[in-house]
Amino acid sequence: MMLVSVVRFAAYGWINTVYIEPDFHFTYFGFAWVKPFGEIGMYLVFIAMALAAICIMLGFLYRLSTVAFFLLFTYVELLDKTTYLNHYYFVSLVAFILIWLPANRAWSIDAWRSPKRFQATVPRWTIRILQLQLAIVYVYAGIAKINPDWMLEAMPLRMWLPAHSDLPLIGSYFTKTWVAYLFSWFGMVYDLTIPFFLLYRPTRLWAYAAVVVFHVLTWVLFPIGMFPFIMIGATLIFFSPQWHMRWLNRLWPAIWKPEPSIQPTTRFRMPTLGLYGIGLFLVFQLLFPFRYLAYPGELFWTEEGYRFSWRVMLIEKAGYVTFKVKDPATGREGEVWPSDYLTKFQEKQMSTQPDMILEFAHFIAAEYQELGIESPEVRAEAYVTLNGHRSRLLIDPEVDLVKEKDSFAPKTWILPFEKSNAFANSQ
Amino acid sequence: MQRIVMIGRTITRYSWMLLLTIAVASCVNDDDGDDPEVNFDQGAMLTTIGNNVIVPSFETLNNEAATLETEVSAFVGSPTESGLASVRAQYIKADKAWQRCAAFNFGPSATFATQSVLNTWPTNPTKIEDNITNGGYNLQTSSNLTASGFPALDYLLYGSAADEAAIVNRFSQEQALKDYLVDVVDIIVSVSGTTYDGWLASSSTNYLETFVQTTGTDIGSSIGLMVNEFSKEIELVKNARVGIPLGKKSLNVTRPDQVEALYSGMSVEFSVENMKGLKALFMGLGETSSTANGLFNYLEAINAQEGDGLLSNAIRDQFDLIDTRLNDIQGNLFDAVDNDFATVDAAYTEIQRLVVLVKTDMTSAMGVQITYQDNDGD
């Protein structure tokens, strides 16, 4: 019975996912150290991914499709760090969960082909785990917002909102500082509490209205792609099966005939091994975002432990990096301009993220070795501004990055962040 | 059940009130009650930049190009040394007019690839001479970008023979050389004209109207486009006009042959003019106008800070400093990169500082996207 919402979710979420497909392939070309399949290969990957998504939606060869979708999507995501987005990570996680769910037991081609498989009911845990996954996303995004810049300075919203002062009706409010504070605090409370309001029946409808308003607003204001729609679609899983049935009956009465034999069940059925597996999966998700605590320094500045932690729309960061290459044999020193090698987007992303700067420094060293310089030294002069604080050096310009290796260990060559006079805060 | 619903509603209501209270309280506590409310009319700024800076700049380019055509046709009619001097002077005027437009590389300039057509350098003398010898060339093809535009003109007027007398002599002897000069100028005139027309209200595109009406700072907005091209052009001055000749890309082995106007030796003057065009855009101040309303005013309105002072002032002062540093360079850039490396390097350093201010602090403060990709805001 609750299956409806799973299928519905798949349909809604995945169709959107396929919809963003054209935006994908730009970023994967002309980049030396990534190993994509080449143009035709990459198109095939995306076509296969779209087919897998359609199959999941129709419930056709379900297990195979979910595994394929998960692997393909994650493969593409892992190709290039530049394109890291929290919602891609979310899609990967949900795709992984879907592999283990029996979402093909009703209203699916699989069930229609072999009626044996038909099952009108679905174990409650299958719904709970998706709800839990969503709750983790929201609550962790909320926790991430509890930081001085966000709460006390209304940063970075205070910088972002005035950009939209030309919007009709609400636009003129975006220039007001109190609106930025209101949005910041509302956003934080929203993220922290919305899963609970959604779980709790009397507040559910209102909570869902808040979900729609919140995500539509973020979609209008910020370039965050499909994320708002994925969330608006995904949070429907909090509604009861009866609710979904009612709407489906109303919308497509011809197809979705109510089946009198369907009864809700609370049957809990899960193999022990699966229990451990899911437990591990959840514990990882609960702990991994907190790894930043193990690093010294300001998280937003060093970005050590920033990714895969549901930190969304938290910082306004921009940078400009020039690399200095030195041939120790001759003492000659020159510069490398990233724009000669990278796309604009890659350059932008790299210029604020130390691990990417390091990776690029190694790439430069390799390039110069090809040119016949035996052991080039590469240093980075990276000016970065964070949340309106004046731009300053991110990386120690004296450190030869070729000698540094990327790892989970703290990066000693990142300069500490000292706060300057805040943006627009005093006259 | 009723009771639970009641509690639920009460919680919802109280959380709202709590939120509002917190929000109001934060405002009141904010910076001594002096709420820096932003009231900036982006449309008015775009109108000023469009009407007072961009359109007049393209108008000047269009006029100078037309005069160049007249001078050239007089010169090829009867090549003399004084005629050559007039054509050279007019070429410099026209190129400077172009430098003032180089920052507006969006709208019609993007449509007609004005920058590539007018100013792709270093030019290729071998290709130019082959074209002249063989004839049958088409200067509109992309492979001939390095054999046309202002840099080709620079070669034809200054580099096609050893000195003035020899150049005039060549022009007297070779009809093909005359034709080539005329063809190069024709394209300069036509692309300057179409780009200028594209901005006019009287044209079918009327880009001025689009430009003024597309407010906001997001992708596709006029401010977004303008700031992107603005920072790109400053980077072009830093990298291509100064950095490459200075040997920044070649482990400090200077590359004087890579300077912008190699044969006339006008590289520094052109860069100075280019920076003036960029500053005019930033200040929103046209050459003949008295009112200013530009990115400077916008930054001032949003009260963007840079260390101890306003970011708007910091950028304006940096433009002035660069102007001084560029003017410190004695003689032409070709010689200066080898004879006076330190002076050129000082100019380079200041241009780089401006790039940092614009590309990081300014775009960040304005909420302008440098790229066209989804992101988490990180």
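Residues numbered from 1 in each chain as written. Chains lettered and ligands numbered in written order. Predicted model: local features only at pLDDT ≥ 70, side-chain atom pairs only at ≥ 80, totals over all residues.

### Some words on the overall build of chain A
- Broken down by element type, chain A carries 16 helices and four strands.
- Residues counted as buried form 44% of the 427 residues belonging to chain A.
- If you take every contact in chain A between residues at least 6 apart in sequence, the share linking residues at least 24 apart comes to 65%. (Helix = DSSP H or I, 4+ residues; strand = E, 2+ residues; numbered from the N terminus. Buried ≥ 20, exposed ≤ 12 C-beta atoms within 10 Å, placed from the backbone. Contact = placed C-beta atoms within 7 Å.)

### Considering the overall build of chain B
- Within chain B, the regular secondary structure consists of 16 helices and two strands.
- By the burial criterion, 50% of the 378 residues in chain B qualify as buried.
- The long-range share in chain B, meaning contacts at least 24 apart out of those at least 6 apart in sequence, stands at 73%.

### Some thoughts on the confidence of the model for chain B
Residues and elements named next belong to chain B.
- Averaged over all residues, the pLDDT of chain B equals 87, while 87% of them reach at least 70.
- Between residues 1–36, whose pLDDT stays under 50, and residues either more than four places distant or in other chains, the model counts 31 contacts.
- In the model output, the complex is listed with pTM 0.81 alongside ipTM 0.78. (pLDDT = per-residue confidence, 0-100.)

### Regarding the domain arrangement of chain A
- The domains assigned to chain A are domain 1 (1–121), domain 2 (123–238 + 270–294) and domain 3 (316–403).
- Computed over C-alpha atoms, the centres of domain 2 of chain A and domain 3 of chain A are 35 Å apart. (Domains from an automatic or database assignment.)

### Some words on the sheet that holds strand β4 (residues 389–393) of chain A
All names here are of chain A.
- Read across the open sheet, the four strands follow the order β2-β1-β3-β4; overall the sheet is antiparallel. The open sheet terminates on both sides in strands that have one partner only, identified here as β2 (332–336) and β4. For this sheet the average axis-to-axis angle between neighbouring strands, irrespective of direction, equals 15°.
- The pairing of strand β1 (residues 317–327) with strand β3 (residues 377–386) spans ten bridges and is antiparallel. The residue bridging Lys317 from the neighbouring strand is Leu386, located in β3. (Pairing = 2+ DSSP bridges. Axes fitted to C-alpha atoms, helices over the stretch in contact; angles between N-to-C directions.)

### Regarding the nonpolar core
- Membership of the largest hydrophobic core comes to 196 residues, with the highest contact counts inside it found for A:Phe69, A:Ile357, A:Ala361, A:Ile364, B:Leu299 and B:Ile351.
- Beyond its immediate stretch of four places on either side in the chain, A:Ile364 contacts A:Phe323, A:Val325, A:Val336 and A:Val378. (Core = buried A, V, L, I, M, F, W, Y, C linked by C-beta atoms within 7 Å.)

### Let's talk about the environment of B:Ala280
Residue and element names in this part refer to chain B.
- Mapping Ala280 onto the fold places it in helix α12 (residues 267–283).
- The class for Ala280 is buried, based on 24 C-beta atoms found within 10 Å.
- A sequence separation of twelve residues divides Ala280 from Ala292, and the C-alpha atoms of the two residues are 9.1 Å apart.
- Residues in contact with Ala280, not counting those within four places in the same chain, are Val53, Leu285 and Gly286.

### A word on helix α7 (residues 149–159) of chain B
All names here are of chain B.
- Counting buried residues along α7, ten of its eleven residues qualify, which places the element largely inside the surrounding structure.
- Within α7 the residues assigned to the buried category are Gly149, Phe150, Pro151, Ala152, Leu153, Asp154, Tyr155, Leu156, Leu157 and Tyr158.
- Here the buried face of α7 lies against α3 (81–101), α5 (114–118), α6 (125–134) and α9 (175–199).

### A closer look at the packing of α12(B) against helix α14 (residues 311–328) of chain B
Residue and element names in this part refer to chain B.
- It is the contact of α12 with α14, at a shortest axis distance of 10 Å, that shows an interaxial angle of 170°. On the basis of their axis angle, the class for α12 and α14 is roughly antiparallel. Residues Val268, Ser271, Val272, Met275, Lys279, Phe282 and Met283 of α12 touch α14, and the partners they reach there are Ile315, Arg316, Phe319, Ile322, Asp323, Leu326 and Asn327. (Parallel < 35°, antiparallel > 145°, perpendicular 65-115°, else oblique.)

### So, the environment of B:Gly331
- Structurally, B:Gly331 can be placed in the loop between α14 and α15 (333–339).
- B:Gly331 sits 128 residues away from B:Ser203 along the chain, and the two C-alpha atoms are 43 Å apart.

### Focus on the pairing of β1(A)
Residue and element names in this part refer to chain A.
- With respect to burial, β1 is a largely interior element, nine of its eleven residues being buried.
- Across five bridges, the pairing between β1 and β2 is antiparallel. Bridge pairing in β2 places Asp327 opposite Arg332.
- Between β1 and β2, which pair antiparallel and follow one another directly, the connecting turn spans four residues, one of which, Gly331, has a positive phi of 80°.

### Some details on the packing of helix α11 (residues 222–243) of chain B against helix α16 (residues 341–366) of chain B
Residues and elements named next belong to chain B.
- Axis separation between α11 and α16 bottoms out at 10 Å; the angle between their running directions is 165°. Here α16 runs roughly antiparallel to α11, going by the angle between their axes. Once α11 is placed against α16, the crossing between them reads as left-handed. Residues Ile223, Val227, Phe230, Ser231, Ile234, Glu235, Val237, Lys238, Val242 and Gly243 of α11 pack against Val344, Ala347, Tyr348, Ile351, Gln352, Leu354, Val355, Val358, Lys359, Thr363 and Met366 of α16.
- Across the contact of α11 with α16, the residue classes break down as 14 nonpolar, four polar and three charged. (Left-handed = near helix turned anticlockwise from the far one by under 90°. Nonpolar A, V, L, I, M, F, W, Y, C, P; charged D, E, K, R; others polar.)

### Thoughts on unusual backbone geometry
All names here are of chain B.
- Between Trp121 and the following residue, Pro122, the backbone shows a cis peptide bond with an omega angle of -5°.
- Structurally, Pro122 is set in the loop between α5 and α6.
- Residues other than glycine seldom take positive phi values, yet Asn206 does so here, at roughly 45°.
- Considering the arrangement of structural elements, one finds Asn206 in the loop between α9 and α10 (207–213).

### Regarding the confidence of the model for chain A
All names here are of chain A.
- Residue-level pLDDT values for chain A average 74, and 72% of them are 70 or greater.
- Of all the helices and strands in chain A, helix α1 (residues 3–19) carries the lowest mean pLDDT, 42, while β3 carries the highest, 92.
- Long-range and interchain partners of residues 255–268, a stretch whose pLDDT sits below 50, account for 20 contacts in this model, where long-range means more than four residues apart.

### Comments concerning the environment of A:Lys326
All names here are of chain A.
- Among the secondary structure elements, Lys326 is positioned in strand β1.
- Classification of Lys326 by C-beta neighbours within 10 Å gives buried; the count is 21.
- For Lys326 and Pro376, which are 50 residues apart along the polypeptide, the C-alpha to C-alpha distance reads 5.6 Å.
- Lys326 has contacts with Glu333, Pro376 and Glu377, leaving out every residue within four places of it along the chain.

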